[in-house]
Amino acid sequence: MTMNTNKKASDAKASTFWPTAKRLLGYFKPYRKKVILMFLFAALGVAFLITGPRLLGHSTDIIIQGIVYDSAGNVADAHVNFQALKVNLAVLLIVYGLSALFTYLQQRTTAQVAQRTIYDLREDVDKKIQRLPLNYYDTHTHGDILSRTTTDIEQISTTIQQMLVQFITAAFTIIGIVIMMFTISWQMSIIALCVLPAALFLCSIVIRKSQKYFLGQQDKLGTVNSYVEEQYSGHTVIKLYGTEERTEDAFDAMSDALNEDARRAQFASSIMMPVTNLVGNIGYVGICVLGGIMTSNGNLTIGAIQSFIQYTQQFTQPIIQTSNILNLLQSTIAAAERVFDLLDDPEQSPERENLQVIDRAKGDIEFDHVRFGYSADKILITDMNAKIQQGQKVGICGPTGAGKTTLVNLLMRFYDISGGSIKIDGIDTRDMSRQNVRRLFGMVLQDTWLYSASIRDNIRYGRPEATDQEVEEACKMANADYFISTLPEGYDTPIDESASNLSAGQKQLLTIARAFCADPQILILDEATSSVDTRTEKLIAEAMERLTKGRTNFQIAHRLSTIRDADLILVMKDGDIVEQGNHDQLMERDGVYAGLYNSQFA
Amino acid sequence: MLKLYKGLQKYAKQMVILIILLCVQSFALLFLPNLMSVIIDQGVVAGDINFILRMGLFMLLIALCGSASAIGVGYFASKIGVGFCTDVRKRMFKHVGKFTLAEFDQVGASSLTTRSTNDILQLQNFTIMMFRVIILAPIMCAGGVILSINKNPQLALVLVICMPVIVLFLVLILRRAFPVFHAMQHKLDRVNMVLRENITGVRVIRAFTAEQREEERFQEANADMTRTSIKSQVIISTLMPILMLIINIGTVIVVWFGGQQISQGTMYAGDLMAFIQYLMLIMYALVMMSLIFAMAPRASSCADRINEVLAIHPTIVNPASAKTPPQQTGVVEFENVELTYGEADIPAVANISFTARPGQTTAIIGATGSGKSSIIGLIPRLRDVTGGRVTVDGVDVREYELDALRSRIGYVPQSAMLFSGTIKSNIAYKNESMTMEQIVHAAKIAQADDFIMQKKKQYDDPIAQGGTNVSGGQRQRLTIARAIASQADILVFDDSFSALDFKTDAALRQAIKENAQNATVIIVAQRINTIMNADTILVLDKGRIVGEGKHDDLVKTCDVYAEIASTQLA
């Protein structure tokens, strides 16, 4: 199946509708047995449900047959067979009971199947998240990925069960009722059946007309929602500039516009039910009249009319449901399509065969004619060569936007290089598993990602088996111990989702402690020092000195003072490495590095 | 939810019309079986085909009338439901607009966003269905009872007994379902949170090769939610069969006693048929209602989340009677200021006293978490002091009209936040009618003019939401230009030069000095170069001022400062 990754249409296109629907249905496969049960229960429930009116009609006939009217229409003689009536009604009670039971069982089974299916879908999505190449995250906004993985799945989850229950029941009910109708009277059946296409036709008109308003509603809703998001995240600025009123006015105007379209859309969709009902009622009247005439001619019993009328009334219900479902189906399939788009995005390239394993690296790293670009037509690094010995300190510097993180991406195999090779202890990193490569590295990233758990669990993130003592040791090394001990619950203080209970510096300290705890052989410090104050920075530098002893380490620096003593400095510009050497060599060269250095310490 | 629905009062008139229309709709529905019984009892028994046709025509008319009212119901339900939720949406936005940092910390910006968008939408969908379907059910019940009493009071008793039984089961089931639904909502939040963390933290997760563990963490949350969600669905699944069963049993009873009455000649067969159909119509109304009720717990938890926000009273509000200083020069004074966050034991900052004067630059330097941002946030009242006071021109900031106070302060927050629009609209943020000269002038001071002129559309170049389409340094300069363009007499920079290279940083400070000679300038910084030349430097350590003076003195007298200086200026 070909999927268009950039497709953002809010509705499923006809060409992809069926493949997507089929694929969604594929999620039911593991629950084949339950699905069969679900159908079985539905069939039984409906069978008993539609037996009801027939038996009820029979009861009426039993009563009426026992009564003889005189010419004035008064009861002349009555000997109703109450024994037969009693038996009939008892059977009816059982039928009703069974119908209720099977309806319940059907709904219950459907709930189980539907929810487990959604569970599987969510699992697939989460697994996919772990397997997508980083390129995906660098080229898609978090908002887009999030809306596919949360809102869209929720949309599917809320509708799929409703659709399953109603669709199956509706289908069975319609079939069952048609059969029952024909056993009573083909003439009346034809009248009743004329209702069906008429109702569906009218519904499709309503759906088509309302589509415009629904799109309008969706569009305006998007505007309102993104405005809310933006203004909430910039609330401090609004307050500081006193623009509350203007912001409110703008929001009110957007809300009013949404109000108009939403009202129209809701109204349009609400017309469906009365219209279908009207068609159904016209059928009802037709049947009353025709049935009345036929009974007068003695071609039909009164009980039969009664049953038939009940069938017509039951008939419109599934039709309304079906048209509702068709409406829902569109948006559900569209949501599913967006989720499948994500699931179909290419994953990381597969690992090579016969992988080599390094448990503990010495830390020799070699860049051998490395060539790389984020896209094939835009090569950034043309030919990079460098040899780094175990325990050396490598500084990476350059102006903002020079692509310093690119090197990290390559070292840790977040991206694969396009040519040449990167070797650790002489082994090409592509001959190792990604996980193996990354396990050799410890890293303090620019964005201090912490997850919602205790401080302790965050610190042992890279090495879950670390003991409490080791965790505390790591914190002492990172100078995080002091502030942690001042927190109300110390190491057990929970970090909430946005870690808003910690300052930027504290978060940074924790990520440093986390790297300490993981005890890697190669370190990457990605501008770690930029948001830590200089005093702490100095203490870290000391601790780092101890830690980096015998370990290869890369330091990405904005401030050149931190890398002046590096064994090798890589100077980057426009994505490529333009100079390399130690501080003195680079100063002597009087190139980019010297320029940068002089501007900082002028 | 009821609390929110008080806002429906505004729609009282429309609601009255709606209910009248609902009555007409249900009466028309119920009246059809009535006419049918007439056809049976009078037309069929007498064999009067003309009568049957006449009645048929009449029934058509009634059906038409019923559907017309139903369309009217749809119209008013949409109008009220959507209108009501628009009101809530506006009210919520306005209310959140009054929140400052403390309240945002309490709920979280992302949660506030969900509550203002998705939760309101859920509420809207439910409200509309409530008006169209849920209210219809009791009206149908009442109508059915009235019509049946009219026809046959004894048999009507069956209906009258059925009603409370239905209500009882309804209450019993929903009472069990609601808590489970609420639990599910929480668990769903957790699933989404883990997912969000997996997405935002993808680099770290991979760097630590924790993919497997993250999958397990997700699986756990997901399984937990699925269990609860199945449980809630199973409870709701009992609702419809039970309702149907009760009505069906009612039908059987009606037929049994009806049969006896017919045989005694006190009732017509057509009437019995009408009865059976009343019951059936009522049953369908109830079934539809129960389907919608399945939506109720979700809507109610949305309403709760909305109410929670509306119930938060913003702490920073305008004073009862505002003061204005006699003279506006821009003197900012801190008098023994203390600030304690939430329920923390120790204040974040304490004993802060200093004066920042017009024409001078006051700098604050200190360790991360030493309380620099906390201190300056007190000036425009982003938070309020918990001890001491902050004055501007001798008047306590808490006694100012908020707008009057804030319009005097050009404040550049640490995170460079831009709004979607153009470069121009962002710089002229305070006052949309700002002239182009003023905008360019501000941009020049902020050292932003150069890069702006290199943009394709220059000052009209678009800015994406959050300013993601410009670099960090550019974003920072634009926020500085925005503050300068506001022509405030107090300029506050919260570490706003961090993404700038040293050259730009120096040029910018020089330009500010030249152009805003009489302004009070307060700078918070990490880099010593940025503040070396300030008139007064405050050195902060763990929330206390440990040094105050000029660079040359501090290097000698203040250990903390000397240490910073030695590492950065080596």
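What you see as residue numbers is a count from 1 along each chain, following the sequence as written. Written order determines the labels here, with chains lettered from A and ligands numbered from 1. In keeping with the predicted nature of the model, local features appear solely for residues at pLDDT of at least 70, side-chain atom pairs appear and are counted solely at 80 or more, and the whole-chain, interface and lining totals rest on all residues.

Let us now look at the overall build of chain A. Helix and strand definitions follow DSSP, with helices as H or I runs of at least four residues and strands as E runs of at least two, each counted in order from the N terminus. The number of helices and strands found in chain A is 19 helices and 12 strands. Put plainly, a residue is buried at 20 or more neighbouring C-beta atoms within 10 Å of its own, exposed at 12 or fewer, and partly exposed in between, counting only other residues' C-beta atoms, which are placed from the backbone. Split into buried and exposed, the 602 residues of chain A put 48% on the buried side.

The next thing to look at is the nonpolar core. Buried Ala, Val, Leu, Ile, Met, Phe, Trp, Tyr and Cys residues form a nonpolar core when they are connected through C-beta atoms within 7 Å. The biggest cluster of nonpolar side chains holds 192 residues, and the ones touching the most others in it are B:L243 and B:I282. No other element matches helix α11 (residues 269-293) of chain B, which puts 18 residues into this core. By the convention adopted here, residues make contact when the C-beta atoms placed from their backbones lie within 7 Å. Non-local contacts of B:I282, meaning those with residues more than four positions away in its chain, are made with B:M140, B:C141, B:G144 and B:I247. A:I238, B:V337, B:I528 and B:I564 belong to the second largest nonpolar core, which has 80 residues in total.

On domain assignment, one finds that chain A holds domain 1 (14-344) and domain 2 (365-600). Delimitation of the domains relies on an automatic or database domain assignment. Inter-centroid distance (C-alpha atoms) of domain 1 of chain A to domain 2 of chain A is 56 Å.

Further remarks concern helix α6 (residues 186-233) of chain A. Structural remark: α-helix, 3.6 residues per turn; residues separated by three or four positions point the same way. Along its 48 residues, α6(A) runs 67 Å from first to last C-alpha, staying within 8% of the 70 Å computed at 1.5 Å per residue. Its maximal kink placed at A:Q211, α6(A) deviates by approximately 35 degrees. Any helix carries an expected span of 1.5 Å times its number of residues minus one. Note that bend, as reported per residue, equals the angle between axes fitted to the 7 residues terminating at that residue and the 7 residues originating from it.

Each side of the interface is counted separately: chain B has 133 residues, and chain A has 130 residues. At 26 residues, helix α3 (residues 49-97) of chain B tops the list of elements feeding residues into the side of chain B that touches chain A. Taken together, the residues of the side of chain B that touches chain A sort by class into 67 nonpolar, 46 polar and 20 charged. Here the term charged refers only to Asp, Glu, Lys and Arg, the term nonpolar to Ala, Val, Leu, Ile, Met, Phe, Trp, Tyr, Cys and Pro, and the term polar to all other amino acids, Gly among them.

The next subject is the domain arrangement of chain B. Quite often, the size of an interface is put as the accessible area lost when its parts meet. Taken domain by domain, chain B holds domain 1 (10-311) and domain 2 (332-568). Relative placement of domain 1 of chain B and domain 2 of chain B: their C-alpha centres are 55 Å apart.

A word on the packing of helix α8 (residues 244-270) of chain A against α3(B). At a closest axis distance of 9 Å, the pairing of α8(A) and α3(B) adopts a crossing angle of 160 degrees. With respect to their mutual orientation, α8(A) and α3(B) come out roughly antiparallel. Both α8(A) and α3(B) take part in a crossing whose hand is right-handed. A breakdown of the residues in the contact of α8(A) with α3(B) according to their chemical character gives seven nonpolar, 11 polar and eight charged. An axis is simply a line fitted to the C-alpha atoms; with a helix, the fit covers only the stretch in contact. Between two such axes, the angle follows the N-to-C directions and lies from 0 to 180 degrees. Should an angle fall under 35 degrees it is taken as roughly parallel, and over 145 as roughly antiparallel, whereas 65 to 115 is taken as roughly perpendicular and any remaining angle as oblique. Take the far helix as your reference; a near helix turned counterclockwise from it by less than a right angle gives a left-handed crossing, and one turned clockwise gives a right-handed crossing.

A word on the sheet that holds strand β2 (residues 349-356) of chain B. Residue and element names in this part refer to chain B. On the basis of which strands lie adjacent, the open sheet formed by four strands has the order β2-β1-β4-β5 and antiparallel pairing. The open sheet is flanked by β2 and β5 (395-396), the only strands paired with a single partner. Here, any two strands with at least 2 DSSP bridges between them count as paired. Here two bridges tie strand β4 (residues 387-392) to β5, and the two strands are oriented antiparallel to one another. For T391, the partnering residue across the bridge sits in β5 and is D396.

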